[in-house]
Amino acid sequence: MEKDIYNYLTSTDLPVEMTDDDYKDFMVWHRGLAVPAARNVKTEAFQKGKQLFSQIGCAACHRPSWTTGDDEIHDPNGMLGNNDVPRYPNQKIWPYTDMVQHRLRMKNDIRTGWCRTTPLWGRGLSKICTNAEDRLHDCRARNTVEAIMWHGSSNSDARKSVENFRALSKEERDAVVKFIESI
């Protein structure tokens, strides 16, 4: 079996999986996908949650917005052509991440405590679309509040934000959750 796998992976005469035109069509489709729009943005709970999210320190790692770069496509095989794929340079996006790894030092963490800040955009749609609320990089949290609390190990980089969240009133915590589940 090992030899068969090796031969397959190093073969130079495998059948083509996708034609060049199909690949270009796929790239046009894939590059044009948008993230879900934030929901409930005009509600009082959303606005209050957004304010508190920043105030308690969550936005330090779950950075709200980014502006993308020049959108230069590096195509060493020349498959896409110079003008065949739409470009989307310098777009303002709202992923709520800094794309950096931080030390959360969670219990039973097989990744030695290092976790890349997961983008929060669209996460609230998981429950609506799949009835699942799995949260965190490894889906160990069963809902948004649990995900926040998992950030709070005694020596976690996010400990202060978790303490701030815990100090909020129930109504304020619910607003933060409503905000996170709406972005």
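Summarised in this report is the structure supplied together with it. (Residues numbered from 1 in each chain as written. Predicted model: local features only at pLDDT ≥ 70, side-chain atom pairs only at ≥ 80, totals over all residues. Heavy atoms only, no water.)

1. Some points on the environment of Asp21
Within the secondary structure, Asp21 is located in helix α2 (residues 20–31). Residue Asp21 is classed as exposed on the basis of its relative accessible area of 52%. Put simply, Asp21 and Met79 are 58 residues apart on the chain and 8.9 Å apart in space, counted from C-alpha to C-alpha. (Helix = DSSP H or I, 4+ residues; strand = E, 2+ residues; numbered from the N terminus. Buried < 20%, exposed > 50% of the residue type's maximum accessible area, 1.4 Å probe, protein only.)

2. Here we look at the packing of aromatic side chains
Scanning the entire structure with this criterion turns up five aromatic pairs. Ring centres of Phe53 and Tyr96 lie 5.8 Å apart, and the angle between their planes is 80 degrees; this geometry places the pair in the edge-to-face category. Remark: Tyr96 occurs in the loop between β2 (92–93) and β3 (101–103) and Phe53 occurs in helix α3 (residues 44–55); sequence separation between them is 43 residues. Taken individually, Phe53 and Tyr96 each receive the classification buried, so the pair is uniform in this respect. Ring centres of Phe53 and Phe179 lie 5.2 Å apart, and the angle between their planes is 55 degrees; this geometry places the pair in the tilted category. With Phe53 in helix α3 and Phe179 in helix α7 (residues 170–182), this residue pair connects regions lying 126 residues apart in the sequence. By relative accessible area, which is 2% here, Phe53 ends up buried. Connected via pairs of aromatic rings, a cluster forms that spans Phe46, Phe53, Tyr96 and Phe179. Taking NZ or CZ as reference, Arg63 lies 3.7 Å from the ring centre of Trp66, over its face. (Phe/Tyr/Trp six-rings, centres within 6.5 Å; stacked < 30°, edge-to-face > 60°. Lys NZ or Arg CZ within 6 Å of the ring centre and 35° of its normal.)

3. Topic: helix α6 (residues 159–167)
For α6, the set of buried residues is Ser161, Val162 and Phe165. Buried residues along α6 cover an arc of 100 degrees about the axis, so they all sit on one side. Opposite the buried face of α6, by more than 90 degrees, sit the exposed residues Lys160, Arg166 and Ala167. (Arc of directions from axis to C-beta.)

4. Description of the environment of Met149
Among the structural elements, Met149 can be located in helix α5 (residues 144–150). Judged by relative accessible area, Met149 falls into the partly exposed class, the value being 32%. Filtering out sequence-adjacent residues up to four positions away, Met149 remains in contact with Val162, Phe165 and Arg166. (Contact = heavy atoms within 4.5 Å.)

5. A closer look at the packing of α3 against α7
Where α3 contacts α7, the two axes come as close as 7 Å, and the packing angle between them is 95 degrees. Judged by the inter-axis angle, α3 sits roughly perpendicular to α7. Counting all contacts with α3, which are made through Ala45, Phe46, Lys48, Gly49, Lys50, Leu52 and Phe53, the residues of α7 involved are Glu172, Ala175, Val176, Lys178, Phe179, Ile180 and Ser182. Here the residues of the contact of α3 with α7 are counted per class, giving eight nonpolar, two polar and four charged. (Axes fitted to C-alpha atoms, helices over the stretch in contact; angles between N-to-C directions. Parallel < 35°, antiparallel > 145°, perpendicular 65-115°, else oblique. Nonpolar A, V, L, I, M, F, W, Y, C, P; charged D, E, K, R; others polar.)

6. Remarks on the nonpolar core
Membership of the largest hydrophobic core comes to 15 residues, with the highest contact counts inside it found for Phe53, Phe179 and Ile180. The next biggest cluster of nonpolar side chains, apart from the first, holds seven residues, and it includes Leu104, Met106, Leu136 and Ala147. (Core = buried A, V, L, I, M, F, W, Y, C linked by side-chain atoms within 4.5 Å.)

7. Observations regarding the pattern of salt bridges
By the definition in use, this model includes six salt bridges. Where Glu163 meets Arg159, a salt bridge forms, and the shortest distance between an N and an O atom there is 2.9 Å. Taken together, the residues span about one helical turn, with Glu163 and Arg159 both in helix α6 at a distance of four residues. The class for Glu163 is partly exposed, based on a relative accessible area of 36%. (Salt bridge = Lys/Arg side-chain N within 4 Å of Asp/Glu carboxyl O.)

8. Some thoughts on the side chain of Ser153
Its location among the elements puts Ser153 in the loop between α5 and α6. Taking relative accessible area as the criterion, Ser153 reaches 14% and is therefore assigned buried. A polar side-chain atom of Ser153 sits 2.8 Å from the main-chain carbonyl oxygen of Arg105. The contacts of Ser153, once residues within four sequence positions are left out, are Leu104, Arg105, Met106, Lys107 and Arg159. (Polar contact = N/O pair within 3.5 Å; in protein donor to acceptor, adjacent residues only side chain to side chain.)

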